[in-house]
Amino acid sequence: MNQLFALAILALLQLGAAARIPSATEVVMGRQLLSETDHKYNVDDPVPLWASKVGPFTNPSETYEYYSLPYCRPKDGVKHKLLGMGEVVDANRMASTLYQLQFRKNRQREVICESVLDAEHLAKFRKAVKEDWYFQMYYDDLPVWGFIGRMEKLFKPRGVAEYKYFLFTHIDFDIKYNDDRVIEINVSTDPQEAVNISENVSGTVKARFTYSVKWTPTATTFEQRLQRYERFPLNPVHLEIHWFSIINSCVTVLLLTGFLATILMRVLKADFIKYNKDDPAMDEEESGWKYVHGDVFRFPPQKNLFCAFVGTGTQLFYLALFIFVLALVGVFYPYNRGALYTALIMLYALTACIAGFVASSYYKQMEGELWVRNILMTCFVYCGPFLIMFAFLNTVAIFYRSTAALPFGTIVIMCLIWCIVAIPLTVFGGIAGKNNRAEFFAPCRTNKYPREIPQLPWYRTTVPQMIMAGFLPFSAIYVELYYIFASVWGHKVYIIWSILAIVYVILIIVTAFITIALTYFQLAVEDHQWWWRSFLCGGSTGIFVYGYCFYYYYARSDMSGFMQTSFFFGYMLMVCYGFFLMLGTVGWRASLMFIRHIYRAIKCE
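Calculation criteria
- Residues numbered from 1 in each chain as written.
- Predicted model: local features only at pLDDT ≥ 70, side-chain atom pairs only at ≥ 80, totals over all residues.
- Heavy atoms only, no water.
- Helix = DSSP H or I, 4+ residues; strand = E, 2+ residues; numbered from the N terminus.
- Buried < 20%, exposed > 50% of the residue type's maximum accessible area, 1.4 Å probe, protein only.
- Disulfide = S-S within 2.5 Å.

We note that Arg109 has phi near 50°; this positive angle belongs to a residue other than glycine. In this structure, Arg109 sits in strand β5 (residues 107–117). Residue class for Arg109 comes out partly exposed when judged on its relative accessible area of 37%. The backbone of Asp141 shows a phi angle near 65°, a positive value even though the residue is not glycine. Among the structural elements, Asp141 can be located in the loop between β6 (133–139) and β7 (142–147). The exposure class assigned to Asp141 is buried, which follows from its relative accessible area of 16%.

In structure tokens:
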């Protein structure tokens, strides 16, 4: 076993080394500074400009390689930069370009090439301009963007509209430097330097691709160059509105939660006084939550699956917590999602031991005997559906020849991380949980035969209770969801991690309180089957979030096409499923603590 663990650690280190960019990677003050020559250059030193991807601006997941469009290629062949695992997952494919941007060397109308565009080339460029394609490049690890071309709409007599398409052939690079370091880069296109590639153009079209480079000094230091990307997406007015909306929704939700908690505490206080009285007349009536004390701690059906859900939900809870800690200390910075994806993959693998331990420990406490099946179910209860969804979506991306399709090597690395790290850690955690000597604490003894549940009105059944349970937590995060969606499924940048952390804490608190309240009302009508009900009610917020996906897709975004639609709803289904598991675990554990407290406070025979 020790040899297996040592091999797993060695493989993890080797995979980490393989996932790194060949040049040195350093973390300074939480900023990931990717360095080829320590970012220091002499005059006229070559600094490569890498083309990352192109794609429709409205479809962020539908991206393609830069040379999928018929741009001029280097004569000695296109060279590709070796990328980290997270950057590949982010659909980046760094390819060399013909732009010569030597350090501090100005250029004016430099010709890259002259190309003759035939009908096939014109159709590709025309499609790109019509769908509002953009390009993304990196210069000294700083991102730059620009559009492929522009479209004009002309109105003719009788209201007939005619569209003209123009391809940009000139790019202006405005680069700022401080001493021997690159600080900032901006890209602009010249509308006057555009070639007409409209549908009415016949034959071939000659295109002369040019560029200009202007270097200007700046007082901004190298350590401060990333602050521009942090300030860029923030408009003071929008930021103030953002804070006001979050505070307003949070205060409203907290007031409602406090109001509900106050009522519940007053009712509980009255119940404690009532049930602790030694009155024989009350025993004859037998109504209320006290009289299901012999069944309330009866273990749920399908406890194998239940414990696997709880273990995986606990893992996802700690995973989110660790991501927030890394974000708040400044590990992630704007326009570099690769670091976030790498952190998610590695932390998910490393926290697998939590899922195994929690699932196996609770399964043993619930007197389960098939602990091997429980560990295997914990391994696959979330990863199984996710791998199936990933296989389908990756196949779609391969069919579209998109950079969103992960290369075979990256898939092998991720599978090895799962097989060599995640699964063994889940097994180790499961063995530790199985050998844990803790016993399930129940203040009351469980009867041999279950008590009959009285017939209940429809609004006390599972589905109406889930709707009521999910609405209040969803209202706490509704405002923030738009900003998150606009960042993940758009081109906006989300950098206010402090707000998101506050919303996350409030979401956990509200989920716990609303589930506790509904569990109390369930027990008050002598319905003792609260185990699965509390989990489903707590996780129902994930269903609300997935419902919001439909609203965002059709009302707040311009996404279209089969690939983008399948990526959006497919991956969001997996995210909402993770939400369901995490918040369901929070709701169940809060309900368990509450039930133990109230039954410990009364006299039970």
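By the definition in use, this model includes one disulfide. The partner cysteine of Cys72 in its disulfide is Cys113, sulfur to sulfur 1.6 Å. Because the sign of the S-S torsion sets the handedness, a value of about 65° for the bond joining Cys72 and Cys113 places this disulfide among the right-handed ones. In this pair, Cys72 sits in the loop between β3 (49–56) and α2 (85–89) while Cys113 sits in strand β5, placing the two residues 41 residues apart along the sequence. This pair shows no difference in class: Cys72 is buried, exactly as Cys113 is. Sulfur of Cys383: no disulfide; nearest cysteine sulfur belongs to Cys379 and is 8.0 Å away. With relative accessibility at 9%, the residue Cys383 sits in the buried group.

Honestly, it's all geometry; don't read function into it.
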